[in-house]
Amino acid sequence: MPIVVIYHSGYGHTQRQAQAVADGAGARLVAIDADGNLPEGTWEELQAADAIVFGSPTYMGGPSWQFKKFADATSKAWFAGAWRDKLFAGFTSSASVIGDKTATLNYFFTLAMQHGGVWVGTGMLPANAKAATRNDLNWAGVWSGAAATTPIDASAAEMAQGDLGFAFEFGRRVAQAAARWCRKE
């Protein structure tokens, strides 16, 4: 049950989040480069995958242009119906607590639905009790995908452990969903 995590990261924060998702899912990690290009063989890997997890920072209320370049290039797979019934999921990060991260996750969801896919949400309750701290999982209360918040003046090494743990557990959920959805008879 191959899972591919495909992402773009501008400053390293989304890369750390992507690694945590991939570690949780036992997935192959594929980076979209600074020019919006993919490594050789990526299209074949995506075609063979049972689940595809999208990732991008949220810039100006949506995913990075590099991710959008990749998304536009998926039209060939869309035209052929090549990704129909695959599982999809997504994650994002930004500097602000809200930062319109759900707009990016909705972009990923729409892309997955256009491909005829099935979306996997977090399935995780929010950490919204009075005793909750910034390092609790799903501190921001996001259900559609994993979200991380790192202050603009913080390095990727300073990301909250709760956000990285959330990404890891989200990856595990995607892997569990793929195991159920993609049973080979």
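Residues numbered from 1 in each chain as written. Predicted model: local features only at pLDDT ≥ 70, side-chain atom pairs only at ≥ 80, totals over all residues. Heavy atoms only, no water.

K.L.:
Can you help me understand the pattern of salt bridges in this one?
P.N.:
Close approach of charged atoms allows side chains of opposite charge to pair. Summed over all chains, the structure comprises three salt bridges. Across the salt bridge formed by Asp163 and Arg134, the nearest N and O atoms sit 2.7 Å from each other. Note that Asp163 is positioned in helix α6 (residues 161-181) and Arg134 in the loop between β6 (118-119) and β7 (146-149), a separation of 29 residues in sequence. Under the relative-accessibility criterion, Arg134 is labelled partly exposed at 25%. (Salt bridge = Lys/Arg side-chain N within 4 Å of Asp/Glu carboxyl O. Helix = DSSP H or I, 4+ residues; strand = E, 2+ residues; numbered from the N terminus. Buried < 20%, exposed > 50% of the residue type's maximum accessible area, 1.4 Å probe, protein only.)

K.L.:
For this particular structure, what's the right way to read the nonpolar core?
P.N.:
Grouped burial of nonpolar side chains is what soluble globular proteins tend to show. Of all hydrophobic cores here, the largest spans 24 residues; its most connected members are Ile3, Val5, Val21, Val53, Phe91 and Val174. Among the elements that take part in this core, α6 stands out by supplying seven residues, more than any other. Those residues in contact with Ile3 that lie beyond four places of it in its chain are Ala25, Ala27, Arg28, Ala51, Val53, Val174, Ala175 and Ala178. Counting 21 residues, the second-largest nonpolar core is a separate cluster that includes Ala49, Ile52, Trp83 and Phe88. (Core = buried A, V, L, I, M, F, W, Y, C linked by side-chain atoms within 4.5 Å. Contact = heavy atoms within 4.5 Å.)

K.L.:
Sorry if this is basic, but what is going on with the pairing of β7 here?
P.N.:
For a regular strand, side-chain orientation follows a simple rule: the groups alternate between the two sheet faces. Residues Ala146 and Ala148 of β7 are buried on one face, and the alternating residues Ala147 and Thr149, pointing to the opposite face, are buried as well. Alignment of strand β5 (residues 87-94) against β7, held across four bridges, turns out to be parallel. Each bridged residue has a counterpart across the sheet, and for Ser94 the counterpart in β7 is Thr149. (Pairing = 2+ DSSP bridges.)

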